[in-house]
Amino acid sequence: MSKRRRLFVSFGIGLVLMLGVTALRFVAHAQTPAEPAAAAPAAAAPAAPVPDPTGDNTGTAADVTVKDAKNPTLPEVMATVGHNKVAINIVWTLITGFLVMFMQAGFALVETGFCRAKNAAHTMAMNFMVYGIGMLGYWICGFALQMGGVGAVASLGGTPPLSSEFTVTLLGHPFGLFGTRGFFLGPDVYDVGVFALFLFQMVFMDTTATIPTGAMAERWKWSSFVIYGFFISMFTYPIFANWVWGGGWLAQLGSNFGLGHGHVDFAGSSVVHMVGGVAALAGAMVLGPRIGKYTRDGKPVAIPGHHIPMALLGTFILAFGWFGFNPGSTLAGGDMRIAVVAVNTMLASAAGAVAAMAYMMVRFGKPDPSMMANGMLAGLVAITAPCAFVTAPASVLIGLIAGVLVCWSVFFVEGTLKVDDPVGAISVHGVNGAWGVLSLGLFADGVYGDGWNGVPGKVTGLFYGAPKQFLAECIGVVVCFAWTFATIYVFFKVVDVIVGNRVSAETELAGLDLPEVGALAYPEFVLSPGSYGGFEPAAAAPRPAPASAPASAPVQLNET
């Protein structure tokens, strides 16, 4: 009986639903306006909009702004096409600039992870504030010195205000030294293309500025760091960047002296990374090694970082941001070469990581996660200059060499030069920055870069029959090292006299977090000098427990 009742109830509910739906359809049909009579076709209702799932019919001539929609002129149509082309390039440049800005988080995680816990807040704070300090310094005069005379950047609309370069004449040829327009981004450069270029170039500069914070970590005085942030963003970096990217004399080696296309650096192996790595070398030499880094007979002592997973995560963030760094350097979303650039970048990074892993396993029997991370970064740094000009197999070879080179260099810098670099920045960025531009001079295959630096023809390297291009890259490497090391070394020597570069021994042993930046990264730990390894229980100072916590005090830990 109950089953029959359920059947009747179910049937009744279904019948009610069917009648309800039928009634709703009838009401909706009744509310539809009646079709007009055949005698009045002009008043016919417009056809229902048709969806466009493929996008083939989205964007038509109706979207082109013209004075008379029935009679558009060719100049009006061409103006719209040109406007849209530049708009695409500006959007592309800004988005890739945002990706490069995010690399700052990657640097912060890598460097902090490779340092000890007692200095984590200080290291992270340097990576945080170098962004703001460097940006303001670059805004004041760095951008003007670098790009004030670059001339027309066609992909961004021509950038007409950037037309003033200070030059000298030597050997009958003009040598561009620095730009003279764009200070404070004033009214004379109030232009959308200029502002897009500023953002993109600023985040590149900031990458350079943050590199020494890793090599000089765990003993660098905050006041010295702040002064450095302004100096490198306002002077050292912009001048060399002008010589390569701003129309300066290294870019003119081709047009003036027939050396290929001049010193070519697509995305910054020398301009960004080598400058940062050499600055790190000069700064670390002036600072000296950390306390306990070397024994009395000069043997280096390993000082492990406190958070390897953090460093590896930061490496992945950097690898992701590199897709803005390298493909974005086209400054043109319509440049189809960006696909080649992106894939070459990926391949070199993978090859660098694998090569570093293999080197460490062969030499020490273990892969060493820190070297795997630095190997990936080394591959990325090395491919940054040649990424647009080489084939995929060449990219893998460049990355493989970079991965081995960074391992060899780390041990050489630490053991032979006796320079203490907690994160390997000198080797990753300085040594492999040089290798990157040299590899361009060797492997550029001559299929891209027509007209680069005003020289007809495509960029071609030594192995493809153009030895003069390799010579231009060698000149750029020597000039980069000489200029950067001289200016930064003298700078730190002067600062050492005025405010000092290094914290006191007591501060270094206790940790820089509280004395230098006023906050502990890990307040749960009692940070005190001691051995470099492990955690040791420490007696907790008596204090009242909060009302919501158990009466017993929590265990605190000693950590170096």
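Residues numbered from 1 in each chain as written. Predicted model: local features only at pLDDT ≥ 70, side-chain atom pairs only at ≥ 80, totals over all residues. Heavy atoms only, no water.

**Considerations on the environment of V447**
Right, on to step 1. Structurally, V447 can be placed in the loop between helix 12 (425-443) and helix 13 (467-498).
Right, on to step 2. For the pair V447 and F389, spaced 58 residues apart in sequence, the C-alpha separation works out to 7.1 Å.
Right, on to step 3. Excluding residues that lie within four positions of it along the chain, V447 makes contacts with R337 and K458. (Helix = DSSP H or I, 4+ residues; strand = E, 2+ residues; numbered from the N terminus. Contact = heavy atoms within 4.5 Å.)

**With respect to helix 5 (residues 222-245)**
Right, on to step 1. Helix geometry: helix 5 is bent most strongly at I232, by close to 50 degrees.
Right, on to step 2. Immediately downstream of helix 5, the backbone of G247 shows phi near 85 degrees, a positive value. (Bend = angle between axes of the 7 residues up to and from the residue.)

**A short note on unusual backbone geometry**
With the exception of glycine, the majority of residues adopt a negative phi angle, and the majority of peptide bonds are in the trans configuration.
Right, on to step 1. Unusually for a residue other than glycine, L171 sits at a positive phi of about 55 degrees.
Right, on to step 2. Here L171 is to be found in the loop between strand 1 (165-170) and strand 2 (173-179).
Right, on to step 3. The residue N453 is not glycine, and still its phi comes out positive at about 55 degrees.
Right, on to step 4. Locating N453 in the fold gives a position in the loop between helix 12 and helix 13.
Right, on to step 5. Owing to a relative accessible area of 28%, N453 belongs among the partly exposed residues under this scheme. (Buried < 20%, exposed > 50% of the residue type's maximum accessible area, 1.4 Å probe, protein only.)

**Examining the pairing of strand 2**
Right, on to step 1. Examined bridge by bridge, strand 1 and strand 2 share six bridges and lie antiparallel to one another. Considered in strand 2, the bridge of T169 is made with P174.
Right, on to step 2. The turn joining strand 1 and strand 2, which pair antiparallel and follow one another in sequence, is formed by two residues; a positive phi near 55 degrees is taken by L171. (Pairing = 2+ DSSP bridges.)

**Concerning the nonpolar core**
Where a protein is soluble and globular, its nonpolar side chains tend to be buried together.
Right, on to step 1. Membership of the largest hydrophobic core comes to 119 residues, with the highest contact counts inside it found for F143, F204, Y237, F240 and F389.
Right, on to step 2. F240 has contacts with L250, S270, V271, V275, G476, V479, C480 and W483, leaving out every residue within four places of it along the chain.
Right, on to step 3. Membership of the second largest hydrophobic core comes to six residues, among which are L109, A120, M310 and Y522. (Core = buried A, V, L, I, M, F, W, Y, C linked by side-chain atoms within 4.5 Å.)

**Regarding the pattern of salt bridges**
Right, on to step 1. Going through the model one piece at a time under the given rule, you end up with six salt bridges.
Right, on to step 2. Notably, a salt bridge pairs R502 with E508, separated by 2.8 Å at the nearest N-O pair.
Right, on to step 3. Exposure remark for E508: the relative accessible area of 3% places this residue in the buried category.
Right, on to step 4. Put simply, R116, E218, R290 and D420 are held in one network by salt bridges that share partners. (Salt bridge = Lys/Arg side-chain N within 4 Å of Asp/Glu carboxyl O.)

**Quick look at the packing of aromatic side chains**
Right, on to step 1. Applying the stated criterion across every chain yields a total of 33 aromatic pairs.
Right, on to step 2. Ring plane angle 75 degrees and centroid distance 5.4 Å describe the contact between F143 and F198, whose orientation is recorded as edge-to-face. Residue F143 is located in helix 3 (residues 120-147), and its partner F198 is located in helix 4 (residues 192-215); the two are separated by 55 residues in the primary sequence.
Right, on to step 3. Their ring planes at 40 degrees and their centres at 5.5 Å tell us that W322 and F325 sit as a pair that is tilted. A residue pair is termed a helical-turn pair when its members lie 3 or 4 positions apart in one helix, as W322 and F325 do in helix 8 (residues 308-325) at three residues.
Right, on to step 4. W322 gets classed as buried once you look at its relative accessible area, which sits at 0%. (Phe/Tyr/Trp six-rings, centres within 6.5 Å; stacked < 30°, edge-to-face > 60°.)

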